[in-house]
Amino acid sequence: MKLLAVTARSATFALNNDSAYYAPSPFEVKLCGQVVREVEERNVFSLFNLSPDTEYVAEACGKKVAFKTAEESLFLSVKDFGAVGDGSHDDTEAFAAAIACAEKGTTVYVPAGNYLFRPVFLRSNILLYLDKGARLTGETDRNKYPVLPAVCGEGEKRRNYGTWQGEEAPCFASLITAVKCKNFVIGGEVVIDGNALSSDWYERHRVMRGAWRPRGVFFNRCKNVLMQGVTVRDTPSWNVHPYFCKGVKLYNLSLFNTPSMPTTDGIDPDCCEDVDIAGVHISVGDDCIAVKSGTLELARRYKTPCKNVRITDCLMESGHGGVVFGSESSGGIENVHVERCLFRGTERGFRIKTRRGRGRIGVISGVTFKNIVMKDVVTPFVINMYYNMGDETGHTEYVWTTKKLPVDDLTPVVGDFEFENMRCEGVCCCAGAFYGLPESPIERVKLKNVSFTFNPECQPSFPDMKEKNNSVKNGGLYFQFTDKVELENVTFEGVCGEEVECEGVGSVKRL
């Protein structure tokens, strides 16, 4: 067992095993010898209501961890600033006042209650600590939301505040917003409810109405961010969106949106560096975790990849994809490690969405998956370099043709991927579809100790979104324009047709 994070009022821990999301068996948690959790099932868990500047010993599964909570300079309750928490009184100004009065090391405390509020802006070096039973409910009138402009100023004074799907664009501020803040924490057993289904956020959702839709939580160019124990739900678009951030830790979160809610991703690390996601339960209407690095215009301006992303002990279900790259990926995506995760009922497990026109400013490479379980995932693996969704350019012959085109600045690069110790049960469409470009093949795909079993009762479907497509049922692994394919102890049970099909593949090694 290891300590992932500690604040003045809380701590998060992770068990060290090979089990996906859930521990091998339920266990109890002790704090200084006293049982505080009689039955805990997850590998990652948090303890709250701790005292500042205090030494503790946590114990679980026979392992002990000694730790000391952080010091606290000041304790401010939002109720001391006029917050009511009755679900009808607008408590925004009380939250804003408490945060404005917070000095370095302050805990801004939110006791149990239902707080109706509009976007609030955090500041550096504070802990926003929300008690169990607290609920932050979003205002439904979009006219009461401030707008983050796409850009202010010029030259060296140019600043980017708003964004939408990989571009600099005006967007409404999110319920929790932080811009250029550092060393802050949002923690507690609280619900942040975007209240989107009670509003008009999804009417003409693909049209900008004043500004683009807000996220649930938005961090713009922040450093050393920790979210711990929070539930975010019913958001106007993505649940949690770190944008050009460094040092982001997202632990023991719950992120929920109904499957019918469009563009409601769970977590979207966007042009970020050093992101650690652990113990998160995600069930949403779009991709569970979507790693992004901007459109070509953004990549040309900032040349910032999304890199050093670690995703462990997460449960992902009811999304279009589990861990997804793109489709805005022009800045590159590097060094992503996924381990001990459970994918359940997502349309795809691992997925890359890119195409000609995304460019080669950054590469997508250095990806490892280990100790993963996928249950009832339609297609466990997809790399699609012909992705046709988004604007109309995705439907042009330039994108969909499998003829070899000249390599230029618009040609994407997809590199090296390794998948090890994985069990994929109830596969419907096919085990995997790897669609490379003839002029820019996928460099290397290795699968080791991976098993596939199939659901014979499912209906045929498309492996992914591309213009020239065929529906498939219970298919094997399909590789198109891939330099190296390495398969070691890869097994199939109930596959229809060939286990492995190759087209334009440089070399195939199967052991």
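(A) Region of the structure containing the overall build of the protein chain. Along the protein chain, the regular secondary structure elements total three helices and 47 strands. In terms of overall size, the protein chain behaves like a compact globule, its C-alpha atoms giving a radius of gyration of 23 Å where 511 residues would be expected to give roughly 24 Å. Here the C-alpha coordinates of the protein chain stretch approximately 65 × 60 × 40 Å along the principal axes. Within the protein chain, the fraction of its 511 residues that count as buried is 59%. The long-range share in the protein chain, meaning contacts at least 24 apart out of those at least 6 apart in sequence, stands at 72%. A total of about 19600 Å² of accessible surface is found on the protein chain, and carbon and sulfur atoms cover 46% of it. Here the protein chain carries 60 positive and 66 negative side-chain charges, and the mean point of each set is 3 Å from the other.

(B) Geometry of the pattern of salt bridges. One pass over the full model with this rule turns up 27 salt bridges. A salt bridge links Glu 40 to Arg 37, with the shortest nitrogen-to-oxygen separation between them at 2.6 Å. By the burial criterion, Glu 40 is buried, and Arg 37 matches it. For Asp 464, the salt bridge goes to Arg 351, with nearest N and O atoms at 2.7 Å. In this pair, Asp 464 sits in the loop between strand S43 (442–454) and strand S44 (475–480) while Arg 351 sits in strand S38 (residues 348–353), placing the two residues 113 residues apart along the sequence. For the pair formed by Asp 464 and Arg 351, the shared burial category is buried. Through salt bridges that share partners, Asp 287, Glu 347, Arg 348, Arg 351, Lys 353 and Asp 464 make up one connected network.

(C) The side chain of Asn 17, seen in detail. Its place among the elements puts Asn 17 in the loop between strand S2 (11–14) and strand S3 (22–31). The buried category is assigned to Asn 17, whose relative accessible area is 17%. Polar side-chain contacts of Asn 17 include one of 3.0 Å to the backbone nitrogen of Ser 19. At a separation of 2.8 Å, a polar atom in the side chain of Asn 17 contacts the side chain of Asn 43. Ignoring any residue separated from it by four or fewer positions in sequence, one finds Asn 17 in contact with Ala 23, Pro 24, Asn 43 and Arg 340.

(D) Region of the structure containing the sheet that holds S3. Strand order across the open sheet formed by four strands is S4-S3-S6-S7, with antiparallel pairing between neighbours. Looking along the sheet, the strands with just one partner apiece sit at the ends: strand S4 (34–42) and strand S7 (63–68). Neighbour-to-neighbour, the strand axes of the sheet open up by a mean angle of 25°, direction not taken into account. Bridge count between S3 and S4: five bridges; the pairing is antiparallel. Along S4, the bridge assignment pairs Lys 30 with Val 35.

(E) Quick peek at the side chain of Thr 137. Tracing the sequence through the fold places Thr 137 in strand S14 (residues 134–138). By relative accessible area, Thr 137 is classed as buried at 12%. A polar contact of 2.7 Å, which involves the side chain of Thr 137, links it to the side chain of Asn 114. If near-sequence neighbours (up to four positions away) are discounted, Thr 137 is found in contact with Asn 114, Tyr 115, Leu 116, Phe 117, Asp 193 and Asn 195.

(F) Just unusual backbone geometry, in detail. Along the chain, Gly 326 connects to Ser 327 via a cis peptide bond; the corresponding omega equals 10°. Position of Ser 327 relative to the elements: it lies in the loop between strand S35 (321–325) and strand S36 (333–339). One non-glycine residue, Lys 180, adopts positive backbone phi at about 50°. Along the chain, the position of Lys 180 falls in the loop between strand S21 (176–179) and strand S22 (182–187). In this structure Lys 180 comes out as exposed when scored by relative accessible area, which is 59%. The backbone of Arg 340 sits at a positive phi, close to 55°, despite the residue not being glycine. Mapped onto the elements of the fold, Arg 340 is located in the loop between S36 and strand S37 (342–344). Residue class for Arg 340 comes out buried when judged on its relative accessible area of 8%.

(G) A look at the environment of Tyr 56. Among the secondary structure elements, Tyr 56 is positioned in strand S6 (residues 55–60). Separated by 24 residues in sequence, Tyr 56 and Cys 32 have C-alpha atoms that sit 6.0 Å apart. The contacts of Tyr 56, once residues within four sequence positions are left out, are Leu 31, Cys 32, Leu 50, Ser 51, Val 65, Ala 66, Phe 67 and Thr 69. Here the side chain of Tyr 56 touches Ser 51 through a polar contact of 2.9 Å, landing on its backbone nitrogen.

(H) Representation of the pairing of S6. Residue alternation in S6 divides its side chains into a buried set, Tyr 56, Ala 58 and Ala 60, and an unburied set, Glu 55, Val 57 and Glu 59. Sheet topology places S3 next to S6; three bridges connect them, and they run antiparallel. Directly across from Lys 30, in S6, lies its bridge partner Glu 59.

(I) Just the packing of aromatic side chains, in detail. In total, this model carries 29 aromatic pairs according to the counting rule given. Ring plane angle 35° and centroid distance 6.0 Å describe the contact between Phe 218 and Tyr 243, whose orientation is recorded as tilted. Taken together, the residues span a long stretch of sequence, with Phe 218 in strand S24 (residues 217–220) and Tyr 243 in strand S27 (residues 240–243) at a distance of 25 residues. In this structure Phe 218 comes out as buried when scored by relative accessible area, which is 1%. An angle of 70° between the planes, with centres 5.2 Å apart, marks the rings of Phe 350 and Phe 369 as edge-to-face.

Criteria and cut-off values
Residues numbered from 1 in each chain as written. Predicted model: local features only at pLDDT ≥ 70, side-chain atom pairs only at ≥ 80, totals over all residues. Heavy atoms only, no water. Helix = DSSP H or I, 4+ residues; strand = E, 2+ residues; numbered from the N terminus. Rg over C-alpha atoms; globule rule 2.2 N^0.38 Å. Buried < 20%, exposed > 50% of the residue type's maximum accessible area, 1.4 Å probe, protein only. Contact = heavy atoms within 4.5 Å. Areas by Shrake-Rupley, 256 points an atom, 1.4 Å probe, with all protein chains shown as cover. Lys, Arg positive; Asp, Glu negative; His and termini not counted. Charge placed at Lys NZ, Arg CZ, Asp CG, Glu CD. Salt bridge = Lys/Arg side-chain N within 4 Å of Asp/Glu carboxyl O. Polar contact = N/O pair within 3.5 Å; in protein donor to acceptor, adjacent residues only side chain to side chain. Pairing = 2+ DSSP bridges. Axes fitted to C-alpha atoms, helices over the stretch in contact; angles between N-to-C directions. Phe/Tyr/Trp six-rings, centres within 6.5 Å; stacked < 30°, edge-to-face > 60°.

Remember, this is a structural readout, not a statement about activity or role.
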